[in-house]
Amino acid sequence: AQTVTQSQPEMSVQEAETVTLSCTYDTSENNYYLFWYKQPPSRQMILVIRQEAYKQQNATENRFSVNFQKAAKSFSLKISDSQLGDTAMYFCAFMKHPNTGTASKLTFGTGTRLQVTL
Amino acid sequence: NAGVTQTPKFRILKIGQSMTLQCTQDMNHNYMYWYRQDPGMGLKLIYYSVGAGITDKGEVPNGYNVSRSTTEDFPLRLELAAPSQTSVYFCASSLMMGRSNSPLHFGNGTRLTVT
């Protein structure tokens, strides 16, 4: 079974600054995906970024980037130029590569609550 | 473009009552999922379905039932509500894309309180 650990229950960052959220995972799989989801107060789950384990290059999406360290089983999220709208819960999630016909089941961490302040 | 729609948004049940949480998606996705999110925790998989007529248990299926009679709908049934089922419930869907994988699309959740 896979486990995902987010060791930072809460973090705070000032607007326009950079913040890094940590995530570690444990798996015996070699082929998998990692995700960061954002959950604002509206409760909606929004995909922020994803990384395929077979890709060495770190994924980036505008102000969001990851530091994927496969050997260390670490997958941190960096948010640059933080905005007030980034205030939310952030969940790290793991999914082993699905075989054709199998479902894409996610294993989630417990989340990090990020507060962006003025 | 509705995506994944869940109803109701909120519900309060008494212990022992039953109810069905509705979920429908209009993206023609093969796969659908039900997750629950307890306070301060991540989401845990209750049940999932890889297509109409096929369902399977996730991590925490006890106390729930599902059905998948159509591609669009994936209702979650609570037969005898218990306080331990107080949670926020999320429905999600995804599309099988050969050997690659599409991300999950989530509904906005149903907050259920059992007292």
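Located above this text is the structure these notes cover.
Described below are features of the structure shown in this document. Note that the structure is predicted; figures quoted are calculated from it, not measured.

1. Concerning the pairing of strand 6 (residues 54-57) of chain B
Residue and element names in this part refer to chain B.
Reasoning step 1: Here three bridges tie strand 5 (residues 43-51) to strand 6, and the two strands are oriented antiparallel to one another. Its bridge partner being in strand 6, G51 is matched across the sheet by I54.
Reasoning step 2: As consecutive antiparallel partners, strand 5 and strand 6 are separated by two residues, and within that stretch G53 has a phi angle of approximately 85 degrees, a positive value.

2. Observations concerning the pattern of salt bridges
Where charged atoms from two side chains of opposite charge approach closely, those side chains can pair.
All names here are of chain B.
Reasoning step 1: According to the stated counting rule, one finds six salt bridges over all chains in the structure shown.
Reasoning step 2: Its salt-bridge partner being D38, residue R36 comes within 2.8 Å of it at the nearest N-O pair.
Reasoning step 3: What makes D38 partly exposed here is its relative accessible area of 25%.
Reasoning step 4: E79 serves as the salt-bridge partner of R77, at 3.3 Å between the closest nitrogen and oxygen.

3. Quick word on the state of the cysteines
When the sulfur atoms of two cysteines share a covalent bond, that bond is a disulfide.
Reasoning step 1: Counted by the stated rule, this structure contains two disulfides over all chains.
Reasoning step 2: Between C23 of chain A and C92 of chain A runs a disulfide, and the two sulfur atoms are separated by 2.0 Å. The sign of the S-S torsion, about -70 degrees, decides the handedness of the disulfide formed by C23 of chain A and C92 of chain A: left-handed. Of this pair, C23 of chain A sits in the loop between strand 3 (19-21) and strand 4 (24-26) while C92 of chain A sits in strand 10 (residues 88-96); the two residues are 69 residues apart in sequence, bridging distant segments of the chain.
Reasoning step 3: Residue C92 of chain A is classed as buried on the basis of its relative accessible area of 1%.
Reasoning step 4: Each disulfide pairs two cysteine sulfurs, and for C23 of chain B the partner residue is C91 of chain B, the sulfurs being separated by 1.8 Å. Disulfide C23 of chain B-C91 of chain B: torsion about the S-S bond near -70 degrees, hence left-handed. Note that C23 of chain B is positioned in strand 3 (residues 19-25) and C91 of chain B in strand 9 (residues 87-94), a separation of 68 residues in sequence. The residues C23 of chain B and C91 of chain B share a single accessibility class, namely buried.

4. Some details on the packing of aromatic side chains
Reasoning step 1: Counting across every chain of the model gives 16 aromatic pairs over all chains.
Reasoning step 2: Taking 6.3 Å as the distance between ring centres and 80 degrees as the angle between the ring planes, the aromatic pair formed by F68 of chain A and F75 of chain A counts as edge-to-face. F75 of chain A matches F68 of chain A in its accessibility class, with the two residues each being buried.
Reasoning step 3: With a centroid separation of 5.7 Å and 85 degrees between ring planes, the pair formed by F108 of chain A and Y35 of chain B is classed as edge-to-face. Residue F108 of chain A is located in strand 11 (residues 107-108), and its partner Y35 of chain B is located in strand 4 (residues 31-37); the two belong to separate chains.

5. What about the sheet that holds strand 7 (residues 64-66) of chain B?
Within a sheet, adjacent strands bond to each other through the backbone by hydrogen bonds, running parallel or antiparallel.
Residues and elements named next belong to chain B.
Reasoning step 1: Overall, antiparallel pairing links the four strands, which are arranged 1-3-8-7 in an open sheet. Both edges of this open sheet fall to strand 1 (4-7) and strand 7, since each of them pairs with a single strand only. Within this sheet the neighbouring strands show an average axis-to-axis angle of 20 degrees, counted without direction.
Reasoning step 2: In this structure, strand 1 lies alongside strand 3, joined through four bridges in antiparallel fashion.

6. Things to note about the nonpolar core
Residue and element names in this part refer to chain A.
Reasoning step 1: By size, the foremost hydrophobic cluster in this structure holds 25 residues, and its most contacted members are Y25, W36, F75, L77 and Y90.
Reasoning step 2: For this core, the secondary structure elements donating two or more residues are strand 3, strand 5 (32-39), strand 6 (46-52), strand 8 (64-69), strand 9 (74-79), strand 10 and strand 12 (112-117).
Reasoning step 3: Sort the elements by how many residues they give to this core and strand 10 lands first, with four residues.

The rules behind these values
Residues numbered from 1 in each chain as written. Chains lettered and ligands numbered in written order. Predicted model: local features only at pLDDT ≥ 70, side-chain atom pairs only at ≥ 80, totals over all residues. Heavy atoms only, no water. Pairing = 2+ DSSP bridges. Helix = DSSP H or I, 4+ residues; strand = E, 2+ residues; numbered from the N terminus. Salt bridge = Lys/Arg side-chain N within 4 Å of Asp/Glu carboxyl O. Buried < 20%, exposed > 50% of the residue type's maximum accessible area, 1.4 Å probe, protein only. Disulfide = S-S within 2.5 Å. Phe/Tyr/Trp six-rings, centres within 6.5 Å; stacked < 30°, edge-to-face > 60°. Axes fitted to C-alpha atoms, helices over the stretch in contact; angles between N-to-C directions. Core = buried A, V, L, I, M, F, W, Y, C linked by side-chain atoms within 4.5 Å.

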